[in-house]
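Secondary and tertiary structure notes
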Amino acid sequence: MVINLPSDEAFMREALRQAQKAYEADEVPVGAVVVRAGKIIARAYNQVELLKDATAHAEMLALTQAEAAVGDWRLTNCDLYVTKEPCAMCAGACNCRA
């Protein structure tokens, strides 16, 4: 696996921008970005309070967007950038889509 540091840094910066949106919305400040072939295909931030949905974590929302972008629930060849370690629910969802 080759790591392209400038791209990884750019993707993490975008995840941090998403986390800032969550913070400004009085949500837990978590952001997530899904990348495929070097391009962002999904981005999201926590929206649990806004949507009144316990599953509206940044990772879950980003994964759902990515599935729509790819046209498949299997997100092969995709990378997820998140601003903190995923909870058990999100980690399980990530493993199911690998």
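Throughout what follows, the structure given in this document is the object of discussion.

Regarding the nonpolar core
Grouped together as the largest cluster of nonpolar side chains are 15 residues, with contacts concentrated most on Ala 32, Val 34, Ala 62, Leu 63, Ala 66 and Leu 75. For this core, the secondary structure elements donating two or more residues are strand 1 (31-36), strand 2 (39-45), helix 3 (58-70), strand 3 (78-82) and helix 4 (88-96). Ranked by residue count, the leading element in this core is helix 3, at five residues. Look past the residues within four positions of Ala 66 in its chain and what remains in contact with it is Val 34, Ile 41, Ala 42 and Leu 75. Within the second largest apolar cluster, five residues are counted, among which are Ala 15, Val 33, Val 35 and Tyr 81.

With respect to the pattern of salt bridges
Evaluated as defined, the whole model comprises three salt bridges. Arg 43 is paired through a salt bridge with Glu 14; the nearest N and O atoms lie 3.0 Å apart. With Arg 43 in strand 2 and Glu 14 in helix 1 (residues 5-24), this residue pair connects regions lying 29 residues apart in the sequence. In this structure Arg 43 comes out as partly exposed when scored by relative accessible area, which is 36%. A residue is classified by how much of its surface remains accessible, and Glu 14, at 10% relative accessible area, is buried. Between Arg 74 and Asp 72 there is a salt bridge, and its shortest N-O distance comes to 3.9 Å. When its relative accessible area of 42% is taken as the criterion, Arg 74 is described as partly exposed. Residue Asp 72 is classed as partly exposed on the basis of its relative accessible area, which comes to 29%.

Regarding the environment of Ala 10
Along the chain, Ala 10 turns up in helix 1. Between the alpha carbons of Ala 10 and Lys 52 there is a distance of 31 Å; along the sequence they are 42 residues apart.

Quick notes on the packing of aromatic side chains
For the coordinates displayed, the defined rule picks out one aromatic pair. Ring geometry for Phe 11 versus Tyr 81: centroids 5.3 Å apart, planes at 55 degrees, classification tilted. Taken together, the residues span a long stretch of sequence, with Phe 11 in helix 1 and Tyr 81 in strand 3 at a distance of 70 residues. On the accessibility criterion, Phe 11 (10% relative accessible area) is buried.

Criteria and cut-off values
- Residues numbered from 1 in each chain as written.
- Predicted model: local features only at pLDDT ≥ 70, side-chain atom pairs only at ≥ 80, totals over all residues.
- Heavy atoms only, no water.
- Core = buried A, V, L, I, M, F, W, Y, C linked by side-chain atoms within 4.5 Å.
- Buried < 20%, exposed > 50% of the residue type's maximum accessible area, 1.4 Å probe, protein only.
- Helix = DSSP H or I, 4+ residues; strand = E, 2+ residues; numbered from the N terminus.
- Contact = heavy atoms within 4.5 Å.
- Salt bridge = Lys/Arg side-chain N within 4 Å of Asp/Glu carboxyl O.
- Phe/Tyr/Trp six-rings, centres within 6.5 Å; stacked < 30°, edge-to-face > 60°.

It is worth stressing that arrangement in space is one thing and function is another; only the former is reported here.
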